[in-house]
Amino acid sequence: MPRRTVFRRLAHISLNQEIRERYLMTFSARWLYHHIQHFPMLTSEALFGNQRPLELEIGCGFGEFLCALAEANPTANFLGIDISESSLLQAASQAAKLNLMNIKFIAANARQLYPLFAPDSLQAVYLHFPDPNRRRKFRKRQIFTPVLLDTVSRALRPDGYLSVMTDHSEYFHEMLELIEQDHRFEKTHAERYLSGFGAPIISRYQRLWERHGLPTLRFEVRRRL
Ligand SMILES: C[S@@+](CC[C@H](N)C(=O)[O-])C[C@H]1O[C@@H](n2cnc3c(N)ncnc32)[C@H](O)[C@@H]1O
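Residues numbered from 1 in each chain as written. Predicted model: local features only at pLDDT ≥ 70, side-chain atom pairs only at ≥ 80, totals over all residues. Heavy atoms only, no water.

In the nomenclature of an unreviewed UniProt entry, the protein chain corresponds to tRNA (guanine-N(7)-)-methyltransferase from the organism Ktedonospora formicarum. Under the UniProt heading Catalytic activity (unreviewed entry), the note attached to the protein chain is "guanosine(46) in tRNA + S-adenosyl-L-methionine = N(7)-methylguanosine(46) in tRNA + S-adenosyl-L-homocysteine". (UniProt positions renumbered as here; feature names shortened; annotations may be inferred.)

### Things to note about the environment of G63
Within the fold, G63 resides in the loop between strand 2 (54–58) and helix 5 (64–72). Sequence-wise, G63 and Q181 are 118 residues apart; in three dimensions their C-alpha atoms are separated by 31 Å. With residues up to four places along the chain from it excluded, the contact list for G63 reads A91 and F105. (Helix = DSSP H or I, 4+ residues; strand = E, 2+ residues; numbered from the N terminus. Contact = heavy atoms within 4.5 Å.)

### Some points on the pattern of salt bridges
Oppositely charged side chains can pair when the atoms bearing their charge come close. Under the counting rule described, the total for this entry stands at 10 salt bridges. D150 serves as the salt-bridge partner of R184, at 2.9 Å between the closest nitrogen and oxygen. Pair noted here: R184 is in the loop between helix 8 (169–180) and strand 7 (185–187) and D150 is in helix 7 (residues 146–155), with a separation of 34 residues, a long-range link. The class for R184 is partly exposed, based on a relative accessible area of 34%. Note that E186 is salt-bridged to R222, the shortest N-O span being 3.3 Å. In this pair, E186 sits in strand 7 while R222 sits in strand 9 (residues 217–223), placing the two residues 36 residues apart along the sequence. Members of the salt-bridge network, linked through shared partners, are D150, D182 and R184. (Salt bridge = Lys/Arg side-chain N within 4 Å of Asp/Glu carboxyl O. Buried < 20%, exposed > 50% of the residue type's maximum accessible area, 1.4 Å probe, protein only.)

### Remarks on the UniProt feature "binding site: S-adenosyl-L-methionine" (unreviewed entry) in the protein chain
Mapped onto this numbering, the UniProt entry annotates "binding site: S-adenosyl-L-methionine" (unreviewed entry) at E57, D82, N109 and D131. Taken together, the annotated residues stretch across 75 residues yet fold into one region, lying no more than 13.7 Å apart by C-alpha. In this structure, N109 sits in the loop between strand 4 (103–107) and strand 5 (122–128). In this structure N109 comes out as partly exposed when scored by relative accessible area, which is 21%. Here R111 takes part through its backbone nitrogen, which lies 3.0 Å from a polar atom of the side chain of N109. Along the chain, the position of D131 falls in the loop between strand 5 and helix 7. Its relative accessible area of 44% is what places D131 among the partly exposed residues. (Polar contact = N/O pair within 3.5 Å; in protein donor to acceptor, adjacent residues only side chain to side chain.)

Written out as structure tokens, the structure reads:
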């Protein structure tokens with residue numbers, strides 16, 4: 001199935017104002033560009049008013065993975081970023097259904113938020129099923145770049161980790177090679193990478209691609225001490 005079809009199937013939902021305010025922040029690209037200093041840092045203190053460990057998913061889509069993590073780990077905070085506000089309306093609705101108090105979503109281009117990542121602030125960063133953007137004119141939209149690795153290596157706590165998974169073999173091997181050349185990170189597993197990962201929480205993208213016979217490829221790295 002072409003990847004574009006998945007996005008066309010997105011249902012637009014409306015959300016009551018209270019739920020929207022509790023879970024969803026929309027950061028305008030223009031304001032981020034001109035007035036980044038007015039936006040909160042992406043820390044537990046600034047976003048949740050407490051010191052709990054913070055886990056971040058970049059490109060969280062409908063938020064199923066992150067909501068399930070937040071429900072299972074009430075003593076940590078969870079932040080999902082996605083450029084698609086309509087996906088995040090669904091994510092916020094799911095968070096409200098589960099009555100979660102430890103999750104928030106930001107609608108923004110993740111790349112514009114890098115200056116808001118604080119040093120030693122994140123327990124985990126998830127990049128799951130990032131859009132591959134293989135066509136040459138879209139390559140510059142790829143999220144997994146040296147700039148992302150600079151940002152994540154600064155923002156992870158010393159025991160923090162980065163988890164990357166995708167069904168897209170070519171993109172996966174590109175990301176794997178990049179991470180293997182970066183000595184600020186080390187793998188948390190002995191294998192070069194993991195295949196057919198049995199995640200406890202499987203997002204609809206993972207279900208979709210696995211139904212189409214595409215195994216999930218994954219690596220996890222931690223910040224080298
Ligand atoms: C294939 S979906 C994966 C969603 C989710 N991680 C999962 O595993 O189900 C990729 C998501 O990345 C988002 N995305 C793409 N580029 C982005 C960017 N620059 N900033 C934030 N989100 C982005 C898309 O809107 C989409 O929701």
